[in-house]
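Examination of the molecular architecture
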Amino acid sequence: MEHFIYDTRKQISIINLDLTQEYLNAAASKVEDICSKGNKILFVGTKRSASKTIREEASQIGLPYIDKRWLGGTLTNWKTIRGSVRRLLDIEEMISSGRIEKLIKKEAVEIQKEYAKLQDSVGGIKDMKGLPDAIFVIDVKYEKIAVLEAKKMGIPIIALVDTNSNPDGIDVVIPGNDDAIRSIRLITKVIADAAARGMDSSKGFSSKTDIPVIQKAKKEDEPAESKDAKNVEKEISLEEVKIETNVSEDNSEESNNKQEQSEE
């Protein structure tokens, strides 16, 4: 990670943020390209500072995620993991249909405990039909099992890598702080937005906003109400003209009468 370190002060390494922005933009472009082809990205972040953000951002755009515990063999032994997913779906159906209420209390409690464990381990991947086309990881050192399995299966890895981690073997590195919640939230948000854009483009939606064209209204299309209003205005103005002419005629007649009286 020496290439990404700007300076070291009091044994604390400071990452070059210019490189962070450059590599983050490259990672976002990569994610958007993957999702634009209809492929899926698995979001992985099981540490306490990343769990909530990973769950919220991935579930918001409908992508699979693992936020509690990485089960060994999630990628290398997908068929077995798929069995756990089926069991989770069966229990969900049992709860929604009300069949669990017909069981004895001890059985129902055991099933509820099993449901909680399965929800934590495979709840975020229950809609994943097969292996992901790429994984996005927060802290490759903490998620070393997920990284090893992805390497073994040839799945591209996009990861937020801190100065205490080894970036070797990571396909797309995003240098940054993988412990601070604000840093994790910012990086994950950018990646999730890029994935959402790619998914929209794969469905035929354009992310660009169209500029509205303002057309001038033709005189023929003038509404009847405005025509009536104009006609009323014309009538009012004609009446005003008539009143003014009548007043002027009356004034002229009075002046002529006064002149005749003075001559007499």
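Residues numbered from 1 in each chain as written. Predicted model: local features only at pLDDT ≥ 70, side-chain atom pairs only at ≥ 80, totals over all residues. Heavy atoms only, no water.

1. A few points about the environment of valine 31
Mapping valine 31 onto the fold places it in helix 1 (residues 17-36). Residue classification places valine 31 among the buried positions, given a relative accessible area of 1%. Between the C-alpha atom of valine 31 and that of isoleucine 158, which follows or precedes it by 127 residues, the distance is 8.5 Å. (Helix = DSSP H or I, 4+ residues; strand = E, 2+ residues; numbered from the N terminus. Buried < 20%, exposed > 50% of the residue type's maximum accessible area, 1.4 Å probe, protein only.)

2. Let's talk about the packing of helix 3 (residues 78-97) against helix 4 (residues 105-122)
For the pair helix 3 and helix 4, interaxial distance at closest approach is 10 Å and the crossing angle is 130°. Our classification of the angle between helix 3 and helix 4 gives oblique. Helix 3 and helix 4 meet at a crossing whose hand is left-handed. Between helix 3 and helix 4, the contacting residues are Ile81, Ser84, Val85, Arg87, Leu88, Ile91, Glu92, Met94 and Ile95 on the first element and Ile111, Gln112, Glu114, Tyr115, Leu118, Gln119 and Val122 on the second. Classifying every residue of the contact of helix 3 with helix 4 gives ten nonpolar, three polar and three charged. (Axes fitted to C-alpha atoms, helices over the stretch in contact; angles between N-to-C directions. Parallel < 35°, antiparallel > 145°, perpendicular 65-115°, else oblique. Left-handed = near helix turned anticlockwise from the far one by under 90°. Contact = heavy atoms within 4.5 Å. Nonpolar A, V, L, I, M, F, W, Y, C, P; charged D, E, K, R; others polar.)

3. Section: the sheet that holds strand 5 (residues 134-138)
Read from one edge of the open sheet, five strands run 4-3-5-6-7, paired in parallel fashion. Of all the strands in the sheet, the pair left with one neighbour each is strand 4 (65-66) and strand 7 (172-175). When strand 3 (residues 41-44) meets strand 4, the two strands line up parallel, connected through two bridges. If you follow phenylalanine 43 over to strand 4, its bridge partner there is tyrosine 65. Relative to the sheet, helix 1 contacts strand 3, strand 5, strand 6 (157-161) and strand 7, its axis offset from that of strand 7 by approximately 140°. (Pairing = 2+ DSSP bridges.)

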